[in-house]
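Reading the structure
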Amino acid sequence: MKKQFSLLEGFIEQGDVLNESVSASPVIWHVAHSIKVINSISKALKNSNPDDYKPRFNLMSTIVLSAGTIPRGRGKAPKRSMPDDNIDVVQLKQYLEKAKEEFKNLKKLDAKSYFDHPYFGQLNLKKTRRFIRIHTKHHIKIIQDIIK
């Protein structure tokens with residue numbers, strides 16, 4: 001994730017770049033969304049009760065987590081993971097630093113800590129960390145295509 005965090009940080013400077021043939025949202029939106037997802041998932045994991053974790057098979061999560069990619073245009077980000085319309089760059093950099101720290105600290109949580117994904121259901125700590133990597137990589141690829 002160090003490389004991904006570094007890339008996200010570098011993309012902030014190109015935040016206004018928009019290529020509507022790739023995405024209706026500019027670079028800064030994808031950076032902010034990625035950071036918001038990491039921070040909100042980290043909070044959900046910390047607040048979860050490992051005793052309530054109930055693993056269930058989910059074909060979609062199995063495919064995405066195994067393949068390591070999210071198909072473009074298939075899912076819609078839930079409202080809670082959408083960044084505000086006016087993204088403050090200074091604040092975004094602070095949130096990025098928080099995301100770095102939060103992701104690093106996830107290792108300390110119980111293995112049955114979990115996150116309720118809107119499409120995949122409950123993901124335990126290991127699967128959630130993998131999902132965060134895949135999700136961040138997905139948006140980095142979109143950003144790179146926007147900038148091209």
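Read on for an overview of the structure. (Residues numbered from 1 in each chain as written. Predicted model: local features only at pLDDT ≥ 70, side-chain atom pairs only at ≥ 80, totals over all residues. Heavy atoms only, no water.)

**Some words on the packing of helix α3 (residues 59-67) against helix α5 (residues 125-147)**
- Running from amino to carboxyl end, α3 crosses α5 at an angle of 65°, the nearest separation of the two axes being 10 Å. The interaxial crossing formed by α3 with α5 has left-handed handedness. Between α3, through Val64, Leu65, Ser66 and Ala67, and α5, the contact on the second element is made entirely by Lys127, Arg130, Phe131 and Ile134.
- Along the lines of polarity and charge, the residues of the contact of α3 with α5 split into five nonpolar, one polar and two charged. (Axes fitted to C-alpha atoms, helices over the stretch in contact; angles between N-to-C directions. Helix = DSSP H or I, 4+ residues; strand = E, 2+ residues; numbered from the N terminus. Left-handed = near helix turned anticlockwise from the far one by under 90°. Contact = heavy atoms within 4.5 Å. Nonpolar A, V, L, I, M, F, W, Y, C, P; charged D, E, K, R; others polar.)

**Looking at the pattern of salt bridges**
- Applying the stated criterion to the full structure yields seven salt bridges.
- A salt bridge links Lys100 to Glu9; its shortest N-O distance comes to 3.4 Å. Residue Lys100 is found in helix α4 (residues 89-105), and its partner Glu9 is found in helix α1 (residues 2-11); the two are separated by 91 residues along the sequence.
- Among the residues examined, Lys100 registers a relative accessible area of 26% and is labelled partly exposed.
- Its relative accessible area of 33% is what places Glu9 among the partly exposed residues.
- Between Asp145 and Arg72 there is a salt bridge; the shortest N-O distance is 2.7 Å. You can see Asp145 sitting in helix α5 and its partner Arg72 sitting in the loop between α3 and α4, a full 73 residues away along the chain. (Salt bridge = Lys/Arg side-chain N within 4 Å of Asp/Glu carboxyl O. Buried < 20%, exposed > 50% of the residue type's maximum accessible area, 1.4 Å probe, protein only.)

**So, the nonpolar core**
- Phe5, Val31, Ile35, Ile41, Leu92 and Ile132 are the most contacted members of the largest nonpolar core, which has 32 residues in total.
- Every element with two or more residues in this core is listed here: α1, α2 (27-47), α3, α4 and α5.
- Of all the elements, α2 adds the most residues to this core, at nine residues.
- In contact with Ile132, other than residues within four places in its own chain, are Met1, Ile38, Ile41, Phe103 and Leu106. (Core = buried A, V, L, I, M, F, W, Y, C linked by side-chain atoms within 4.5 Å.)

**Focus on the packing of aromatic side chains**
- Scanning the entire structure with this criterion turns up three aromatic pairs.
- Measuring from ring centre to ring centre gives 6.4 Å for Phe5 and Phe103, while their planes differ by 70°; the resulting arrangement is edge-to-face. In this pair, Phe5 sits in helix α1 while Phe103 sits in helix α4, placing the two residues 98 residues apart along the sequence.
- Residue classification places Phe103 among the buried residues on the basis of a relative accessible area of 7%.
- Judged by centre distance (6.0 Å) and plane angle (35°), the rings of Tyr53 and Tyr114 are tilted. In this pair, Tyr53 is assigned in the loop between α2 and α3 and Tyr114 in strand β1 (residues 114-117), connecting sequence segments 61 residues apart. Both residues of the pair, Tyr53 and Tyr114, count as buried. (Phe/Tyr/Trp six-rings, centres within 6.5 Å; stacked < 30°, edge-to-face > 60°.)

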